[in-house]
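Working through the structure, step by step
These are the residues of each chain, in order.
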Amino acid sequence: MNSDHLGWLKKQLPELRQKEIIDAQSERRLVEHYQLDSVADKTTSGSLISIILAAFGGLLVGGGIILIFAHNWEQFGRGMRVVLAFTPLLLSQALAVYCIFARKNSPAWCETAGAFLFCCIPASISIIGQTYHISDDTQSFFTWWFVLALPFVYWLRAHLMALMMVVLGASLMINYQSPYWLCLFALAPYYALELHKGSGRRSLQFGWVFALAFAIATPFVIFDQSIVQFSFLSMASGAAVMYLGGARLEPIAVFRLKPFTNIGAVAMCVNALILTYDDVWRELLSHDVIGHAEVVTSAWHSLAFEWFLVAAALSLLALAIQRNDRRVLPLGSVVAVLTVVIALPDGFVNPILMALLMNAIVVGIGIWFVYMGISGDSTSQLNLGLLLLMALLSSRFFDQDLTFIARGIAFIAMGITLIGMNVWQARRRVA
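Everything quoted here is computed from the prediction, not taken from an experiment.

About the thresholds
Residues numbered from 1 in each chain as written. Predicted model: local features only at pLDDT ≥ 70, side-chain atom pairs only at ≥ 80, totals over all residues. Heavy atoms only, no water. Helix = DSSP H or I, 4+ residues; strand = E, 2+ residues; numbered from the N terminus. Contact = heavy atoms within 4.5 Å. Areas by Shrake-Rupley, 256 points an atom, 1.4 Å probe, with all protein chains shown as cover. Core = buried A, V, L, I, M, F, W, Y, C linked by side-chain atoms within 4.5 Å. Buried < 20%, exposed > 50% of the residue type's maximum accessible area, 1.4 Å probe, protein only. Polar contact = N/O pair within 3.5 Å; in protein donor to acceptor, adjacent residues only side chain to side chain. Phe/Tyr/Trp six-rings, centres within 6.5 Å; stacked < 30°, edge-to-face > 60°. Salt bridge = Lys/Arg side-chain N within 4 Å of Asp/Glu carboxyl O. Disulfide = S-S within 2.5 Å. Axes fitted to C-alpha atoms, helices over the stretch in contact; angles between N-to-C directions. Parallel < 35°, antiparallel > 145°, perpendicular 65-115°, else oblique. Left-handed = near helix turned anticlockwise from the far one by under 90°. Nonpolar A, V, L, I, M, F, W, Y, C, P; charged D, E, K, R; others polar. Patch = residues over 30% accessible without salt bridge, like charges linked within 9 Å, V, L, I, M, F, W, Y side chains within 5 Å.

Per the secondary structure count, the protein chain includes 18 helices and zero strands. Contacts in the protein chain between residues far apart in sequence, at least 24 positions, make up 72% of those at least 6 positions apart. Of the roughly 22300 Å² that the protein chain leaves accessible, carbon and sulfur atoms contribute 68%.

Listed below in structure tokens is the structure:
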């Protein structure tokens, strides 16, 4: 089978899997038999190198211009500084317009223009601000950098620029919290566009970077206010949105092709493990959901973000229940349990009982993933289940007054179990 046919087959598999024409095991066997993981997208390796070099060249040109200006800065008057501030920006914008209308189908040109523009925008903002002493606010500087560069992400469809914008948006969320969660939401359509375009490598890279940025930056926004109960609920909801949404968007059973599902599953497991401690439940159940009026008023941006996460998670969970998607229901149920408990009246729930219930739920989820990994021949699910059970067991070990020898023996046993199960799974797949 030639490369064009293999590429066509590779694109058809997710749709066939979603329509349940083939199952996960048949999909994996086809991928392994035809070695579809090694099939490149339409972009050949040579052109890919050209695109990378062109984008890197754009960064070097932009950085070089900035360094030259910095070296001779004191010799320039105010008028010359204004000219120097706008000249690189106008040149980069002219190059971007040229790429949009004349070189739209040339990734190398678009990547160069995007990287060059991404460097020129902050340089122009800083030069004008310094010349006229407009503002010395770092937050405003990064905000305007993001806002001015955002339209060109969609006009140019420059991959490197999109990745750098994700990093910039996540940095704004981490450093300045709400309402900068809108930055990542503004970049989310780019992922959908890449998926629709069929750019497998580009969409996959963007998906992993975006999912990691969302998982890392979201806690900084959520815990920026003091409504503790709702913070924990929205944290679990954010993880559930990635996990449940990823399960819908990424039906193919290959680990590296499921960034949102995998990162969401890990985040959900971490949230579940945190909720196995009775001290956490005492903290949760000692606060009112609504909180103080001044907190609600001052943190309405964060609350809007949290309400959206909760509503989206519960909607995706309801859709999974409706479709009887047993793959995601055990782990997704954590959000439902947390929502119900928080909605109950104060003093109605005992923290110790809730901790025991969450321990039982985590054990059940771990066993479920082990079972799914064995029955579906999925090493990633098997390892996730084993690691979840071992993490729970380790946390309980540290709660008990055990000797170092007992703990050491337990860790050795867990390590041997993990290695042994993976070896057994590998031999089973070969057989």
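From this point, the narrative continues.
Take the nonpolar core next. Grouped together as the largest cluster of nonpolar side chains are 47 residues, with contacts concentrated most on Phe146, Met161, Met165, Leu187 and Phe206. The leading source of residues in this core is helix α7 (residues 159-176), at ten residues. With residues near it in sequence (within four places) discarded, Met165 still touches Phe118, Phe146, Ala149, Leu150, Val153 and Leu187. Membership of the second largest hydrophobic core comes to 42 residues, among which are Ala247, Ala320, Leu338 and Val349.

Mapped onto the elements, Glu194 comes out in helix α8 (residues 181-197). According to the relative accessible area criterion, Glu194 is buried, its value standing at 0%. A polar side-chain atom of Glu194 sits 3.3 Å from a polar atom in the side chain of Arg157.

What follows covers unusual backbone geometry. Phi angles above zero are rare outside glycine, and Arg157 is one such case at about 55°. With respect to the helices and strands, the residue Arg157 is situated in the loop between α6 (138-156) and α7. Using a relative accessible area of 19% as the deciding quantity, one classes Arg157 as buried.

For the rest of this paragraph, the subject is the packing of aromatic side chains. For the structure shown, the criterion picks out 17 aromatic pairs. Measuring from centroid to centroid gives 6.1 Å for Phe210 and Phe260, while their planes differ by 50°, and the two rings are tilted. Here Phe210 is found in helix α9 (residues 200-222), whereas its partner Phe260 is found in helix α11 (residues 259-274), with 50 residues between them in sequence. One exposure class covers both Phe210 and Phe260, and it is buried. Here the aromatic rings of Trp368 and Tyr371 are separated by 6.0 Å at their centres, their planes lie at 45°, and the arrangement is tilted. Residue Trp368 and its partner Tyr371 are located together in helix α16 (residues 351-375), separated by three residues, close to a single helical turn.

Okay, the pattern of salt bridges next. Per the counting criterion, the structure on display carries three salt bridges. Each member of the salt-bridge network shares a partner with another, and the members are Asp278, Asp279 and Arg282.

Turning to its location among the elements, Glu111 is positioned in helix α5 (residues 107-132). A residue is classified by how much of its surface remains accessible, and Glu111, at 3% relative accessible area, is buried. At a separation of 3.0 Å, a polar atom in the side chain of Glu111 contacts the main-chain amide nitrogen of Leu160.

With that out of the way, let us pick up the state of the cysteines. Summed over all chains, the structure comprises zero disulfides. Summary of cysteine pairing: Cys110 is not part of a disulfide, and the nearest cysteine sulfur, belonging to Cys99, is at 5.0 Å. Under the relative-accessibility criterion, Cys110 is labelled buried at 3%.

Quick look at the packing of α6 against α7 now. Two elements in contact, α6 and α7, have axes separated by 10 Å at closest approach and are oriented at 150°. Judged on the interaxial angle alone, α7 and α6 are roughly antiparallel. As for the relative orientation of α6 and α7, their crossing is left-handed in sense. Note on element contacts: α7 touches α6 through Met161, Ala162, Met165, Leu168, Gly169, Leu172 and Tyr176, opposite Thr138, Gln139, Phe142, Thr143, Trp145, Phe146, Ala149, Leu150, Phe152 and Val153. Residues that form the contact of α6 with α7 fall into these classes: 13 nonpolar, four polar and no charged.

Right, let's get into a nonpolar patch on the surface. The grouping of Trp144, Val147 and Leu148 at the surface amounts to a nonpolar patch, some 300 Å² of accessible area in total. Mapped onto the elements, Trp144 comes out in helix α6.

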